[in-house]
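# Breakdown of the fold
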Amino acid sequence: MHTRLLTLAAVALCFAVNAAAESIPTRAFFDKAQVRSMELSPDGSHIALTYEEGSEVRLAVMNIEDREIETFFEFGENQHVLNYWWASEERIVMAVGEVTGNLDNRGRPSYWYAADRDGSYRTQIYDAQGSGYQVLDPLPEDDRHMLIARYHWADEGVPKGNLIDIYDGELDFVGDQPVDDDMVGLIADNNGEIRAAAALKMGETLADRELRIYVKHGEDWRTLDVESERASPEINFLGFSKDNSKAYLSSNHDMAENDRNGVFRYDFDTERLELIHRDPDVDVGGLLYGTSGEVLGAHSSLGPMRYTLFDESVEKHREEAGTLQSLIVTFPDSDVRVVSTSRDGKLAIVYVSSDRNPGDYYLFDTESKQLEFLNAALPELPKEQLVEMKPVRIEARDGLELHAFLTLPEDKQEDVPLVLNVHGGPFGPYDAWGFNREAQFLAHHGYATLQVNFRGSGGRGADFERAGWKEWGGKMQNDVTDATRWAIEQGIADEDRICIYGGSYGGYAALMGVVKEPDLYECAIGYVGVYDLPWFRSGDGNDFSSQRSSGRDGREAFERFMSTAVGDDMEQLRRNSPVHNVDKIKADLLLVHGGSDVRVVIGHMERLRTALDEIGKDYEWMVKEEEGHGFYDVDNRVDFYSKMLEFLDRNIGPEAETSEAMAEAAE
């Protein structure tokens, strides 16, 4: 008897040692990015790159000849370089703002700084706190200026074209633009000339929109006449052909229903607007450019990137099209993009990523056709141990097709413990194929992940997004439930080992999941979630609701969004709030929040905890006081995901299996 116990212990110890040798540390999945972006200088001699350090995103400048970092720029705690531009061969302009959480995708660009690439002559040139901005063209041929649109309160938010001096910040108004009190955007062509503009008049709801597009012919501004099949179409500029004779736009104006944004081309000579591409499943993602800056096609994505080259562009630019195709073939099952080129087109930076690749940057010599590896986003993460993310299609209970992504542990296809991971937003954001830290982390530890783009998600047209309006806890939640049941019916998920998790809106959906389906999920993890909809609707003090005190426009924007997308029926909102329905919850709970969150204030978690305490319902919780909307500090992320893993192991993982086996043996 003792011998057998010793043998089993020895085998268990051996397995633990082997597993530890093969296990990827949690930190490797959630570590800071070594590089987030790269941009070639106009003359191709240097590369500007952003990277994470502590709570910051800094910018560095690398000399291409010797691959040495010449200088770097830092701005202090929680300060991120949100964007940057080579304004000349020597000078860089950086937009810097505070970001307090890794789910805080807005950022707050408060200041612009400019400096020479060697770090000298660094100065603040713009304070954006009193006005917004839009960079129209960095004007690299102009050593003194950039072209921007300034949205100033004194102009009632109407953008005005300005040249900004990149040494002293002085502004010089550029007067040639359409006159329209509803102007929302200006667009410059490749020569730095304002050639297009958009005006938008909002009504009482988000759907009540009047869009006007202006284009410039010679010296004259004209309204672009668009015959729309829709009451409020979407039209967005994508870019210009290299010679500026054509403009490319994405739009859904020709689809009365079940729309998707396709690529349209406007010819300034013929004044024709024509559809040249539309993906059968999703909105177009953007344009494909050659190494000289010519438009060659468009891309979209349901799984790996779909590349569509335009026949006319291929015919005129065969060599560039061939080069792009060769790059795509070189990296199969990956997303490949030319993200930056030198002025002469001889050098380019190519970015490659996939479900098993967090992102690699290469320097491409367009003459020798040679690729040279530059840097990886997460170099310590072993790609060979990562797994595939599979795009799947799921039919909702009302027949609507849903797109989702399934990530399975290595060599496990059936009866796997499943985590239903719900994205935030909910309106506009969406899950996409590619590297996902959480999915890979969970798969590495034996858990499948399913991410579903419920109605309301972006990327599939306006109708799909609007189908989620006022469906908090309703059809949006049903889509998540239907995706869960699909995984069970397919034999993928063990129906007794399913947990639901999400951040922001996803945190709301996780808790509503165990309210509406108490027997479907064993556990739920709410991360910086909204839990009290009546309070949210009334104004809970988050950064969006605080706009109500910033004037009439702020109040109208708040009320417009809340009335249209969330709803005004307080009793219905109460019925669809976790805080007011805790008595229906059977599942084990883990609640996580940042104490300094301004997007979803911690009061939501505190109200939920109070309600749970009142009925004696146990839960686990974690608060990091200094964190905002999602944890940005790596140590805090490691703490969170380590606690998540322990929680999952107890509820749907190895410990849960052991407990079940012991209970069966006792019987």
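Now for a quick tour of the structure. (Residues numbered from 1 in each chain as written. Predicted model: local features only at pLDDT ≥ 70, side-chain atom pairs only at ≥ 80, totals over all residues. Heavy atoms only, no water.)

### A short note on the overall build of the protein chain
Per the secondary structure count, the protein chain includes 14 helices and 35 strands. Scaling as 2.2 N^0.38, a compact globule of 667 residues should have a C-alpha radius of gyration of about 26 Å, and the protein chain matches this with 26 Å. Along the longest, intermediate and shortest principal axes, the C-alpha atoms of the protein chain span 90 × 60 × 45 Å. Pairs at least 24 residues apart make up 55% of the contacts formed inside the protein chain by residues separated by at least 6 positions. (Helix = DSSP H or I, 4+ residues; strand = E, 2+ residues; numbered from the N terminus. Rg over C-alpha atoms; globule rule 2.2 N^0.38 Å. Contact = heavy atoms within 4.5 Å.)

### Considerations on the nonpolar core
Among the nonpolar cores identified, the biggest contains 62 residues, and Leu450, Trp472, Ile500, Leu511 and Val514 are the most heavily contacted of them. A per-element tally of this core places helix H8 (residues 505–516) first, with eight residues. In this view, Val514 contacts Ile500, Tyr521, Cys523, Ala524, Lys584, Ile585, Ala587 and Leu589; residues no more than four positions away in its chain are not counted. Counting residues in hydrophobic clusters, the runner-up holds 28 residues, among them Ile525, Leu590, Met622 and Phe631. (Core = buried A, V, L, I, M, F, W, Y, C linked by side-chain atoms within 4.5 Å. Buried < 20%, exposed > 50% of the residue type's maximum accessible area, 1.4 Å probe, protein only.)

### Some points on the sheet that holds strand E14 (residues 194–202)
Across the sheet, which stays open at both edges, the four strands sit in the order E13-E14-E15-E16 with antiparallel pairing between neighbours. At either end of the open sheet lies a strand with only one pairing partner, and these are strand E13 (183–188) and strand E16 (220–223). On average, each strand axis in the sheet is tilted by 20 degrees relative to the strand beside it, whichever way the strands run. The pairing of strand E15 (residues 209–217) with E16 spans four bridges and is antiparallel. By the bridge assignment for E16, His217 is matched with Asp220. (Pairing = 2+ DSSP bridges. Axes fitted to C-alpha atoms, helices over the stretch in contact; angles between N-to-C directions.)

### What to know about the pairing of strand E5 (residues 79–86)
The element E5 is largely enclosed, with a buried count of six among its eight residues. Bridge analysis of E5 against strand E6 (residues 91–98) gives seven bridges, and the strand direction is antiparallel. Residue pairing in the sheet places Asn83 in a bridge with Ala95 of E6. Taken together, E5 and the strand that follows it, E6, pair antiparallel across an intervening segment of four residues.

### Examining the environment of Gly286
Residue position: Gly286 is located in strand E21 (residues 286–289). Residue class for Gly286 comes out buried when judged on its relative accessible area of 9%. Residues Gly286 and Ala611, 325 residues apart in the sequence, show an inter-C-alpha distance of 46 Å. Discounting residues that sit within four places of it in the chain, Gly286 has contacts with Gly297, Ala298 and His299.

### As for the side chain of Arg637
Looking at where Arg637 falls in the secondary structure, it is placed in helix H13 (residues 634–651). Salt bridges are absent for the buried Arg637, whose nearest opposite-charge side chain, Glu52, sits at 4.4 Å. (Lys, Arg positive; Asp, Glu negative; His and termini not counted. Salt bridge = Lys/Arg side-chain N within 4 Å of Asp/Glu carboxyl O.)

### Side note on the packing of aromatic side chains
Tallied over the entire structure, the rule returns 28 aromatic pairs. Pairing Phe331 with Tyr362 gives two aromatic rings, centres 5.2 Å apart and planes at 45 degrees, and the pair type is tilted. Highlighted residues: Phe331 in the loop between helix H4 (318–330) and strand E24 (335–341) and Tyr362 in strand E26 (residues 357–365), separated in sequence by 31 residues. Taking 4.7 Å as the distance between ring centres and 40 degrees as the angle between the ring planes, the aromatic pair formed by Tyr351 and Tyr361 counts as tilted. Taken as a pair, Tyr351 in strand E25 (residues 347–354) and Tyr361 in strand E26 lie far apart in primary sequence, ten residues in all. Using a relative accessible area of 14% as the deciding quantity, one classes Tyr351 as buried. On the basis of relative accessibility, which here comes to 6%, the residue Tyr361 falls in the buried class. The cationic tip of Arg460 hangs over the ring face of Phe464; the distance from NZ or CZ to the ring centre is 4.2 Å. A cation sits over an aromatic face here: Arg637 above Tyr632, 5.9 Å from the ring centre. (Phe/Tyr/Trp six-rings, centres within 6.5 Å; stacked < 30°, edge-to-face > 60°. Lys NZ or Arg CZ within 6 Å of the ring centre and 35° of its normal.)

### Considering the environment of Asp181
Mapped onto the secondary structure, Asp181 falls in the loop between strand E12 (171–173) and E13. Judged by its relative accessible area of 68%, Asp181 falls in the exposed class.

### Some remarks on the pattern of salt bridges
Scanning the model with the defined rule gives 45 salt bridges in all. In this structure, Asp259 and Arg230 form a salt bridge, with 3.7 Å as the shortest nitrogen-oxygen distance. With Asp259 in the loop between strand E18 (246–251) and strand E19 (262–267) and Arg230 in the loop between E16 and strand E17 (235–240), this pair connects stretches of sequence that are 29 residues apart. We classify Arg230 as buried; its relative accessible area is 10%. Asp355 is the salt-bridge partner of Arg356, the closest N and O atoms lying 3.8 Å from each other. On the accessibility criterion, Asp355 (4% relative accessible area) is buried. Each of Arg265, Arg272, Glu274, Glu312 and Lys316 takes part in salt bridges that share partners, so that together they form one network.

### So, H4
The end-to-end C-alpha distance of H4, which contains 13 residues, comes to 18 Å, matching closely the 18 Å that a straight helix rising 1.5 Å per residue would cover. All of the buried residues in H4 are Glu320, Ala321, Thr323, Leu324, Leu327 and Ile328. An end-on view of H4 places all buried positions within 160 degrees of arc, on one side of the element. Exposed side of H4, more than 90 degrees from the buried face: Arg318, Glu319 and Val329 are the residues found there. (Expected span 1.5 Å × (residues − 1). Arc of directions from axis to C-beta.)

### Let's talk about the packing of helix H7 (residues 475–489) against H8
Remark: H7 packs on H8, axes separated minimally by 10 Å, with the N-to-C direction vectors making an angle of 75 degrees. By the angle class used here, H7 and H8 are roughly perpendicular. Facing Met476, Gln477 and Asn478 of H7, the residues of H8 in contact are Tyr505, Tyr508, Ala509, Met512, Gly513 and Lys516. (Parallel < 35°, antiparallel > 145°, perpendicular 65-115°, else oblique.)

### Digging into the pairing of E19
Counting buried positions along E19 gives six out of six residues, so the element sits mostly inside the fold. Residues Gly262, Phe264 and Tyr266 of E19 are buried on one face, and the alternating residues Val263, Arg265 and Asp267, pointing to the opposite face, are buried as well. With six bridges joining them, E18 and E19 adopt antiparallel strand pairing. Each bridged residue has a counterpart across the sheet, and for Tyr248 the counterpart in E19 is Arg265. The pairing of E19 with strand E20 (residues 272–277) spans five bridges and is classified as antiparallel. When the sheet's bridge partners are listed, Val263 is paired in E20 with His277. Linking E19 back to E20 in an antiparallel pair, the connection comprises four residues, with Glu271 at a positive phi of about 60 degrees.

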